[in-house]
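# Structure assessment
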Amino acid sequence: MTQTDKHTLAPGEAGLPKWPMALALVVALLLALVPLVVRDAFTLQVLLLAIMFGALGACWNLVGGFLGRISFGHGVFVGVGAYTTLLLLQHLKLTPLLGIPLGGVISAALAWLVGGPTLRLSGHYFAMATIALLQIGLLLMVNWEWAGGAVGLEAPIADAPWMLLFRTKVPYYWIAVGLAFLTFLCTYLLVHSRTGFYWRAINGDEAAARSLGVPADRYKMLAFVMSAGMTGVWGGFFAMYVGFIDPESMFSLTMSVQVVLVTILGGVGTLVGPWLGAALLLPLSEGTRVAWGSSGLGLDLLIFGLAILLVTLFLPGGLVTLRRRRGTT
């Protein structure tokens, strides 16, 4: 690399620290060892959901955190990935090893298709547009009989690893850990590249970024497409894990909001924030739901909201700011 090339690099591209990736790998390996020690199915499920929502939050964070466009409709990409995977499995007998990546590609293509008009909006207008997209997806799937309509789709029951069909949940847990590591790796490399630098510039002041020659439209679209593609991959995995999907559960505003809240709780615009938020919120949500059951009458959601309120009041930057408050940075 010449001296001129070094001067053209965006901040963060030269001398990218490798220790966060190494640390993420160590954490992933430790998480992968958990099933060898913990046999309780509920504990493993809670851990898997925390890992998945941390990853979904990290995907959303590319748009909502680093680009600064708040989306409440990311559940549509979860649904597209889930339905693509199960439809290909059910009708074409195509292994999810191919169906899951294809679900990500189709989710990315959908984001590219709708991104043109929606990314021109900002603030609550963009948020409302993404909610509308989610509701359109819900209505389409409810009325699409070939895709199961309102009844939904069910994965076959079998023990076929090449079809990602297992009798136990442990293999799905290991797959989730591997996918989570890849998700962190992708987001880390993106955020510390020229692309991530441009996203933050657009978030800070789009007009100023444009005046300095940043192709804002192209990089906004890239963030939306990348975020949607990775979210779609997780949607496909989730469909195989639960074994049954329907429009109400996949194209769910509740799931979209939960992804946003996990990120806000942990720290918007930070790499580890979504993972921290999921590590706190998902065990809290699942634990209270099991403890109170139907008699709780939504008290688990009340605690969920209370946790968000307390963090918003006392840690506006999210849980990740606890480290700074202790003076370690």
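No experiment lies behind these values; they were computed from the predicted model shown. (Residues numbered from 1 in each chain as written. Predicted model: local features only at pLDDT ≥ 70, side-chain atom pairs only at ≥ 80, totals over all residues. Heavy atoms only, no water.)

This next bit is on the overall build of the chain. Along the backbone of the chain there are 16 helices and 2 strands. Here the chain holds 329 residues, and 50% of them are scored as buried. By sequence separation, contacts in the chain at least 24 residues apart represent 76% of the contacts at least 6 residues apart. (Helix = DSSP H or I, 4+ residues; strand = E, 2+ residues; numbered from the N terminus. Buried < 20%, exposed > 50% of the residue type's maximum accessible area, 1.4 Å probe, protein only. Contact = heavy atoms within 4.5 Å.)

Let's shift gears to the confidence of the model for the chain. Scored by pLDDT, the chain has a mean of 87; 89% of the residues are at 70 or more. Low confidence marks residues 1-13, where pLDDT is under 50. Its contacts with residues over four positions away, or in another chain, come to 12 contacts. (pLDDT = per-residue confidence, 0-100.)

Another point: the nonpolar core. The tendency in soluble globular proteins is for nonpolar side chains to be buried side by side. Formed by 95 residues in total, the largest nonpolar core has its most connected members in Tyr 83, Trp 234, Phe 237 and Phe 251. Looking at this core element by element, the count peaks at 16 residues for helix H4 (residues 41-67). Phe 237 has contacts with Leu 48, Ile 100, Tyr 172, Ile 175, Ala 176 and Leu 179, leaving out every residue within four places of it along the chain. (Core = buried A, V, L, I, M, F, W, Y, C linked by side-chain atoms within 4.5 Å.)

Another point: the pattern of salt bridges. In the structure shown here, the tally under the stated rule is 5 salt bridges. Of the charged contacts in the structure, one is a salt bridge between Glu 206 and Arg 69, with a shortest N-O distance of 2.6 Å. With Glu 206 in helix H10 (residues 206-211) and Arg 69 in the loop between H4 and helix H5 (75-92), the pair connects residues that are 137 residues apart, well separated along the chain. Arg 69 carries the same exposure label as Glu 206, and that label is buried. The network of salt bridges with common partners includes Arg 69, Glu 206, Arg 210, Asp 217 and Lys 220. (Salt bridge = Lys/Arg side-chain N within 4 Å of Asp/Glu carboxyl O.)

Another point: the state of the cysteines. Within this structure, the stated rule accounts for 0 disulfides. With no disulfide of its own, Cys 59 lies closest to Cys 186 among cysteine sulfurs, the gap being 8.7 Å. Residue classification places Cys 186 among the partly exposed positions, given a relative accessible area of 35%. (Disulfide = S-S within 2.5 Å.)

Here the focus is a nonpolar patch on the surface. Taken together, the side chains of Val 26, Leu 30, Leu 33, Leu 36, Val 37 and Trp 174 define a hydrophobic patch exposed on the protein surface, amounting to about 620 Å² of accessible area. Looking at the nonpolar patch, the elements with two or more residues in it are helix H2 (19-32) and helix H3 (34-37). Structurally, Val 37 can be placed in helix H3. Taking the relative accessible area as the measure of exposure, Val 37 reaches 70% and is therefore exposed. (Patch = residues over 30% accessible without salt bridge, like charges linked within 9 Å, V, L, I, M, F, W, Y side chains within 5 Å. Areas by Shrake-Rupley, 256 points an atom, 1.4 Å probe, with all protein chains shown as cover.)

Turning our attention to the packing of H4 against helix H11 (residues 216-242). In the contact formed by H4 and H11, the axes pass within 8 Å of each other and the chain directions differ by 165 degrees. Relative to H11, H4 is oriented roughly antiparallel. As H4 runs across H11, the sense of the crossing is left-handed. Along its contact with H4, which presents Gln 45, Leu 48, Leu 49, Ile 51, Met 52, Ala 55, Leu 56, Cys 59, Trp 60, Leu 62, Val 63 and Leu 67, the element H11 presents Lys 220, Ala 223, Phe 224, Met 226, Ser 227, Met 230, Thr 231, Trp 234, Phe 237, Phe 238 and Tyr 241. A per-class count over the contact of H4 with H11 returns 19 nonpolar, 3 polar and 1 charged. (Axes fitted to C-alpha atoms, helices over the stretch in contact; angles between N-to-C directions. Parallel < 35°, antiparallel > 145°, perpendicular 65-115°, else oblique. Left-handed = near helix turned anticlockwise from the far one by under 90°. Nonpolar A, V, L, I, M, F, W, Y, C, P; charged D, E, K, R; others polar.)

Right, let's talk about the packing of aromatic side chains for a bit. Per the counting criterion, the structure on display carries 11 aromatic pairs. Ring centres of Tyr 198 and Tyr 219 lie 4.8 Å apart, and the angle between their planes is 80 degrees; this geometry places the pair in the edge-to-face category. Separated by 21 residues along the polypeptide, Tyr 198 in helix H9 (residues 194-204) and Tyr 219 in helix H11 bring together distant segments of the chain. A single burial state applies to Tyr 198 and to Tyr 219, both of which are buried. Ring plane angle 15 degrees and centroid distance 6.4 Å describe the contact between Phe 237 and Tyr 241, whose orientation is recorded as stacked. Here Phe 237 and its partner Tyr 241 are both found in helix H11, 4 residues apart, which amounts to about one turn of the helix. In this pair, the class of Phe 237 matches that of Tyr 241, namely buried. One aromatic cluster is present, built from ring pairs that chain together Phe 166, Tyr 172, Trp 234, Phe 237 and Tyr 241. (Phe/Tyr/Trp six-rings, centres within 6.5 Å; stacked < 30°, edge-to-face > 60°.)

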